[in-house]
Amino acid sequence: MGVEPLPGGPALPVPGAGAVSGGMRSDADMIRAALSAAAEADPRDVPVGAVVFDASGRELARAANAREALGDPTAHAEVLALRRAAEAVGDGWRLEGTTLAVTLEPCTMCAGALVLARVDRLLFGAWEPKTGAVGSLWDVVRDRRLNHRPQVRGGILETECAATLDAFFRTQRP
């Protein structure tokens, strides 16, 4: 099974959660990869990183936010990583069997994109009470009216993920 986080709070562990297919990578390892991707963001962009893994834990694609760098309002890390993963898989747009790890709770656009891409699992680090669409402000991924609902685990390495964002915003708003 997975982990069902409480809105705005810590994830509650569920037996069997924490590793992907055979324990190839832990959830924390996947978030560490997303933190590494976030470090690649242009200095003008909010340092959010996203990485897509296949069912065996192999990295398919990674991206950092690039809205400022590309001048594109849809260039969120999750959307860019999903696009790249779909190219890597080369079998259309479906990303069944994958895990998306991201440093920040996805917004409505990104939550909708990962549902439409049929991502199996979503892991995220820091909660986003202002725009989060995976339990904080909205809960797009668990809307029973949708035809796909991924497993979700939030709050993984939350302190480290939040620190990256806090450091960025301290330089933007002295």
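Residues numbered from 1 in each chain as written. Predicted model: local features only at pLDDT ≥ 70, side-chain atom pairs only at ≥ 80, totals over all residues. Heavy atoms only, no water.

Colleague: An account of the packing of helix H3 (residues 77–89) against helix H4 (residues 108–116) is needed here, citing residue identities and associated values.
Modeller: In the contact formed by H3 and H4, the axes pass within 9 Å of each other and the chain directions differ by 20 degrees. With respect to H4, the element H3 is oriented roughly parallel. Seen along the crossing, H3 lies across H4 with a hand that is left-handed. Here Glu78, Val79 and Leu82 of H3 lie close against H4, whose contacting residues are Met109, Cys110, Ala113 and Leu114. (Axes fitted to C-alpha atoms, helices over the stretch in contact; angles between N-to-C directions. Helix = DSSP H or I, 4+ residues; strand = E, 2+ residues; numbered from the N terminus. Parallel < 35°, antiparallel > 145°, perpendicular 65-115°, else oblique. Left-handed = near helix turned anticlockwise from the far one by under 90°. Contact = heavy atoms within 4.5 Å.)

Colleague: How would you sum up H4? Please name residues and give values.
Modeller: All buried positions along H4 are accounted for by Cys110, Ala111, Gly112, Leu114 and Val115. Where H4 ends, the next residue or the one after it, Arg118, has phi of about 65 degrees, a positive value. (Buried < 20%, exposed > 50% of the residue type's maximum accessible area, 1.4 Å probe, protein only.)

Colleague: So what's going on with the side chain of Thr103? Which residues, and what values?
Modeller: In this structure, Thr103 sits in strand S5 (residues 99–104). If we skip the residues at most four places from it in the chain, Thr103 touches Ala34, Leu35, Ala38, Pro47, Val48, Gly49, Gly125, Ala126 and Cys161.

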